[in-house]
Amino acid sequence: MPAAQLGRGRPRLTERYREFLPLTDSTPVLTLGEGFTPLVRLGRIGQDLGLANLYAKVEGQNPTGSFKDRGMVVAVSKALEAGARALICASTGNTSASAAAYGAAAGLEVVVVLPRGQIAAGKLLQAQVTGARVVAVEGNFDLALRVVRELAESASHPITLVNSVNPFRLEGQKTAAFEVCDDLGRAPEILAIPVGNAGNISAYWAGFRDYQAAGLSAGLPRMFGFQAAGAAPIVLGHRVEAPETIASAIRIGDPASWTKATAARDESDGLIEAVSDDEILAAWRDLARLEGIFCEPSSAASLAGIRRLSNEGRLERDATTVCVLTGSGLKDPTTAAASVGELLVAEPTAAAVTAILGW
Ligand code: F0G
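What counts, and where the lines are drawn
- Residues numbered from 1 in each chain as written.
- Predicted model: local features only at pLDDT ≥ 70, side-chain atom pairs only at ≥ 80, totals over all residues.
- Heavy atoms only, no water.
- Helix = DSSP H or I, 4+ residues; strand = E, 2+ residues; numbered from the N terminus.
- Rg over C-alpha atoms; globule rule 2.2 N^0.38 Å.
- Buried < 20%, exposed > 50% of the residue type's maximum accessible area, 1.4 Å probe, protein only.
- Contact = heavy atoms within 4.5 Å.
- Areas by Shrake-Rupley, 256 points an atom, 1.4 Å probe, with all protein chains shown as cover.
- Lys, Arg positive; Asp, Glu negative; His and termini not counted.
- Charge placed at Lys NZ, Arg CZ, Asp CG, Glu CD.
- Pairing = 2+ DSSP bridges.
- Right-handed = clockwise from strand over helix to strand, strands pointing away.
- Axes fitted to C-alpha atoms, helices over the stretch in contact; angles between N-to-C directions.
- Parallel < 35°, antiparallel > 145°, perpendicular 65-115°, else oblique.
- Left-handed = near helix turned anticlockwise from the far one by under 90°.
- Near = heavy atom within 4 Å.
- Polar contact = N/O pair within 3.5 Å; in protein donor to acceptor, adjacent residues only side chain to side chain.
- Nonpolar A, V, L, I, M, F, W, Y, C, P; charged D, E, K, R; others polar.
- Salt bridge = Lys/Arg side-chain N within 4 Å of Asp/Glu carboxyl O.

Undergrad: Provide a residue-level description of the overall build of the protein, including the pertinent values.
TA: Looking only at helices and strands, the protein has 16 helices and 10 strands in total. The C-alpha radius of gyration computed for the protein amounts to 21 Å, which stays within 12% of the reference 21 Å derived for 359 residues, consistent with globular compactness. Out of the 359 residues in the protein, the part that is buried amounts to 53%. Long-range pairs, those at least 24 residues apart, make up 71% of the contacts in the protein with a sequence separation of at least 6. Per element, the accessible surface of the protein, about 15500 Å² overall, is 52% carbon and sulfur. Both charge centroids of the protein, one from 33 positive and one from 38 negative side chains, sit 3 Å from each other.

Undergrad: Break down the pairing of strand β3 (residues 86-90) for me, citing the residues and quoting the values.
TA: Within β3, five of the five residues are buried, which leaves it mostly tucked inside the rest of the structure. Residues Ala86, Ile88 and Ala90 line one face of β3 and the alternating positions Leu87 and Cys89 line the opposite face, and both faces are buried. Note that β3 and strand β4 (residues 109-115) share five bridges and pair parallel. Its bridge partner being in β4, Ala90 is matched across the sheet by Val113. Between the parallel elements β3 and β4, the chain passes through helix α5 (residues 94-106) in a crossover that is right-handed. As defined by bridge partners, β3 adjoins strand β6 (residues 159-161) across three bridges and the pair is classed as parallel. Along β6, the bridge assignment pairs Ala86 with Ile159.

Undergrad: Describe in detail the pairing of β4, supporting the description with residues and values.
TA: The element β4 is largely enclosed, with a buried count of six among its seven residues. Strand direction decides the pairing type here: β4 and strand β5 (residues 133-137), joined by five bridges, are parallel. When the sheet's bridge partners are listed, Leu114 is paired in β5 with Ala136. Tracing the backbone out of β4, into helix α6 (residues 121-129) and back to the parallel element β5 gives a crossover that is right-handed.

Undergrad: Now, about the packing of helix α4 (residues 68-81) against α5: what can you tell me, with residues and values included?
TA: At a minimum axis separation of 9 Å, α4 and α5 run at an interaxial angle of 40°. Relative to α5, the element α4 is oriented oblique. Here α4 and α5 pass one another in a crossing that is right-handed. Of the residues in α5, those in contact with Lys68, Asp69, Met72, Val73, Val76 and Leu80 of α4 are Asn94, Thr95, Ser98, Ala99, Tyr102 and Ala106.

Undergrad: Quick rundown of the sheet that holds strand β10 (residues 321-325)? Include the residues and the values.
TA: Each strand in a sheet pairs with its neighbour through backbone hydrogen bonds, running either in the same direction (parallel) or in the opposite one (antiparallel). In space, the six strands of this open sheet follow the order β1-β2-β10-β7-β8-β9, with mixed pairing throughout. Of all strands in the sheet, those bounded by a partner on one side alone are β1 (39-41) and β9 (271-275). Pairs of neighbouring strands in the sheet enclose a mean axial angle of 25°, with direction left out of account. Strands in contact with helix α9 (residues 175-184) are β1, β2 (54-58) and β10; relative to β2, the strand with the most contacts, it is inclined by about 135°. Along the sheet, helix α13 (residues 277-291) makes contact with β1, β8 (222-228), β9 and β10, crossing β9 at roughly 90°.

Undergrad: Just give me the short version of the site of the ligand, but keep the residues and values in it.
TA: In the vicinity of the ligand, 18 residues are found, and the nearest of them are Ser91, Asn94, Asn197, Ala198 and Thr326. A distance of 2.8 Å separates an oxygen atom of the ligand from a polar backbone atom of Gly196. One of the backbone N or O atoms of Gly199 is found 3.2 Å from an oxygen atom in the ligand. Expressed as a share of its isolated accessible area of 470 Å², the protein-covered part of the ligand is 99%. Residue composition of the shell around the ligand, by class: six nonpolar, 10 polar and two charged.

Undergrad: Help me get a handle on the pattern of salt bridges, residues and values and all.
TA: Tallied over the full model, the rule gives 21 salt bridges. The salt bridge partner of Lys78 is Glu81, with a shortest N-O separation of 2.9 Å. Placement of both Lys78 and Glu81 in helix α4 is noted, with a separation of three residues, approximately one turn of the helix. Note on Lys78: relative accessible area 13%, which makes it buried. Linking Arg265 and Asp266 is a salt bridge whose minimum nitrogen-to-oxygen distance equals 2.8 Å. Where salt bridges share partners, they join Lys57, Glu59, Arg70 and Glu179 into one cluster.

In structure tokens, the structure reads:
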């Protein structure tokens with residue numbers, strides 16, 4: 001193929017936004033095709049809510065099905081540059097799936113420590129199939145994170161911690177904010193996002209500020225973060241010892257980026273509030289049935305929050321509002337299976353199918 005044509009292919013995320021990333025000429029190039037996810041207008045839900053400019057940033061379309069890949073590609077590239085031989089992380093599932101994939105591509109050993117019995121089936125399989133060694137511990141995510149932090153500090157061989165306390169993760173995750181601005185032609189007025197360990201809300205805010213400072217976007221959004229009611233330490237103002245919610249990705253009681261997240265909230269004149277599991281599931285179902293977007297339940301916390309604020313009359317009707325949908329629905333088949341009816345079964349004839357459909 002002629003070289004000129006090769007150059008017209010899909011750009012690499014880390015190349016597109018290189019000036020904002022901590023990459024040098026000696027950083028190895030690594031990619032699984034992360035980023036460039038679609039910003040989709042939520043026409044039907046927007047109409048129901050009377051919101052004319054409601055959008056979703058569909059992050060489930062990343063290589064491992066979540067936004068984690070944006071930060072992981074940078075963190076693993078930097079780990080390679082530093083001569084790391086192994087990666088370690090704790091996770092509610094998506095970070096471990098992403099670390100396992102990028103670690104495999106980079107030829108690194110990957111160890112993931114997970115809260116036992118609390119990881120959505122698809123995420124656990126992603127880590128296992130891509131060759132990570134998975135250790136399940138009794139307890140919750142916060143405990144698992146404590147364990148890997150200690151391990152990374154005390155390990156005798158070079159092992160890189162790739163949770164979002166690794167600053168390269170948040171640097172990479174800023175690219176989602178750049179893309180939102182590029183797609184809209186300016187910053188949105190409201191950015192709604194689920195909050196768990198609180199890294200992503202912090203990364204988006206840093207991204208919006210960087211882009212504005214570089215003269216590449218006008219305005220700054222108000223940052224609206226949403227935690228699940230049973231795992232809402234930032235809303236409550238204290239740690240939650242036993243966080244509980246159907247939204248397993250954000251089942252976190254002691255977020256690592258707590259201070260950064262409250263700074264993003266306060267500096268942007270935003271808010272961080274809680275949404276119930278019922279509100280999350282209703283938003284999750286509507287995204288699928290009214291918009292054709294199958295995200296994971298945790299992701300729908302963003303829309304659940306916007307819907308609540310809209311119903312309470314706390315939103316401007318024409319404000320450009322972007323809900324971040326952080327992960328793919330395929331990751332959690334168990335929650336999905338519990339929400340659908342019985343399969344219709346028929347003999348393989350048109351008459352039998354017609355009969356069972358009641359046509
Ligand atoms: N949505 C999904 C699908 C997630 O997996 C996470 C975090 C969040 C939202 C919250 O983002 O932690 O930056 O506030 N998942 C982490 C993990 C904790 O281990 O996969 P956050």
